[in-house]
Amino acid sequence: MRLGLATRNEHKRREFARLLPNHAIEALPEHVRLPPEEGETFAENALVKARAAARATGRVAIADDSGVEARALGGAPGVRSARYAGEGASDEENLRKLMREAPAGSALRYVCALAYVEPEGGERLFEGTCEGRLAEEARGERGFGYDPAFLPDAGPRGLTMAELSDARKDAISHRGEAARALARWLEERERERAGVALENIKKVE
């Protein structure tokens, strides 16, 4: 299936291309404008972006909204993860702010809400999480966002998300969990449709 990805983040586009290898991930056309992420939840933000992309392109669209929640900060930065240090802040600025405000070793959680929207109006939402801790210092050249300071509980001991290979990260990440749930649903739906089509053929015969 061709899936339009409602993002201009090249890191996310490459990640979804890996996570959904059986589907063609199409970049968002330049003329499509995405609405601002003003929702109170990750799900709200993901849905509004996917709806806008599906409406503008006339094709199935997917969109995710992801972020990190620090227990010591009452769940912040949460939906403001991409602009935690202010509008237009870089990944490095957001990360430094988190490391100033949350103690090393404290609990973190990555959250991803992944929306699937059809131009005719059909919608589904998938979610994934990844538990971890805040590292004492940022390490690693891979990944993006808060990955250099995120020590996943399910990963190799002592390694941040930014130190993991793509395959290891994808296996445990919040985005990987959500994408696999979407892939399973798409496969199940295709099997159901194939079964219905076969039954209709038998009836005609």
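The structure under discussion appears in the preceding block.
From a predicted model like this one, the values you see are computed outputs, not experimental measurements. (Residues numbered from 1 in each chain as written. Predicted model: local features only at pLDDT ≥ 70, side-chain atom pairs only at ≥ 80, totals over all residues. Heavy atoms only, no water.)

Student: Mind showing me how you'd approach empty space enclosed by the protein here?
Tutor: Unfilled space is identified by rolling a water-sized probe across the atoms. Using the criterion set out here, one finds 1 cavity of 30 Å³ or more in the structure. Taken as a whole, the largest cavity holds about 40 Å³ of empty space. Every residue lining the largest cavity is listed: Gly4, Leu5, Ala27, Leu28, Pro29, Ala53, Thr57, Arg59, Val60 and Ala61. Those elements that provide at least two residues to the lining of the largest cavity are strand E1 (2–5) and helix H2 (42–57). Each residue belonging to the lining of the largest cavity can be placed in one class, and the counts come to 7 nonpolar, 2 polar and 1 charged. (1 Å grid on protein atoms, 1.4 Å probe; cavity = no way out; pocket = protein on both sides within 12 Å on 5 of 7 lines; lining within 4 Å. Points joined across faces, edges and corners; volume = space filled by probe spheres on them. Helix = DSSP H or I, 4+ residues; strand = E, 2+ residues; numbered from the N terminus. Nonpolar A, V, L, I, M, F, W, Y, C, P; charged D, E, K, R; others polar.)

Student: Teacher, can you tell me more about helix H3 (residues 91–101) here?
Tutor: Side chains three or four residues apart in an α-helix point the same way, a direct result of the helix having 3.6 residues per turn. Every buried residue of H3 is listed here: Asn94, Leu95, Lys97 and Leu98. What you see down the axis of H3 is that its buried residues fit within an arc of 160°, all on one side. In this structure, the buried side of H3 is in contact with strand E3 (61–70) and strand E5 (123–134). (Buried < 20%, exposed > 50% of the residue type's maximum accessible area, 1.4 Å probe, protein only. Arc of directions from axis to C-beta. Contact = heavy atoms within 4.5 Å.)

Student: Teacher, can you tell me more about the state of the cysteines here?
Tutor: As used in these notes, a disulfide is a covalent bond between sulfur atoms, one from each of two cysteines. Within the structure shown, the criterion is met by 0 disulfides. Left unpaired, cysteine 112 is separated from the closest cysteine sulfur, that of cysteine 130, by 11 Å. Overall, cysteine 130 belongs to the buried group, its relative accessible area being 4%. (Disulfide = S-S within 2.5 Å.)

Student: What am I meant to see in unusual backbone geometry here?
Tutor: Following alanine 76, the chain continues to proline 77 via a peptide bond in cis, the omega torsion being 0°. Within the secondary structure layout, proline 77 lies in the loop between E3 and H3.

Student: Is there a simple way to explain the pattern of salt bridges in this structure?
Tutor: Where side chains of opposite charge bring their charged atoms close, a pairing between them can arise. Summed over the entire model, instances satisfying the criterion amount to 18 salt bridges. Where arginine 14 meets glutamate 10, a salt bridge forms, and the shortest distance between an N and an O atom there is 3.7 Å. Of this pair, arginine 14 and glutamate 10 are both found in helix H1 (residues 10–19), 4 residues apart, which corresponds to roughly one turn of the helix. When its relative accessible area of 41% is taken as the criterion, arginine 14 is described as partly exposed. You can call glutamate 10 partly exposed: its relative accessible area is 37%. Linking arginine 142 and aspartate 166 is a salt bridge whose minimum nitrogen-to-oxygen distance equals 3.1 Å. Residue arginine 142 is located in the loop between E5 and strand E6 (150–152), and its partner aspartate 166 is located in helix H4 (residues 166–172); the two are separated by 24 residues in the primary sequence. Residue arginine 142 is classed as partly exposed on the basis of its relative accessible area, which comes to 38%. A relative accessible area of 30% places aspartate 166 in the partly exposed class. By sharing partners, the salt bridges in this structure join Lys12, Glu15, Asp64 and Arg175 into a single network. (Salt bridge = Lys/Arg side-chain N within 4 Å of Asp/Glu carboxyl O.)

Student: Help me understand the packing of aromatic side chains, please; the structure alone is not making it clear to me.
Tutor: A ring pair, where both rings are aromatic, is described by two values, the distance of the centres and the angle of the planes. This model, assessed by the stated rule, comprises 3 aromatic pairs. Judged by centre distance (4.3 Å) and plane angle (15°), the rings of tyrosine 110 and phenylalanine 150 are stacked. Of this pair, tyrosine 110 sits in strand E4 (residues 107–117) while phenylalanine 150 sits in strand E6, and the two are 40 residues apart along the sequence. Both residues of the pair, tyrosine 110 and phenylalanine 150, count as buried. Arranged with centres 5.0 Å apart and planes meeting at 75°, the rings of tyrosine 116 and tryptophan 185 form a pair that is edge-to-face. (Phe/Tyr/Trp six-rings, centres within 6.5 Å; stacked < 30°, edge-to-face > 60°.)

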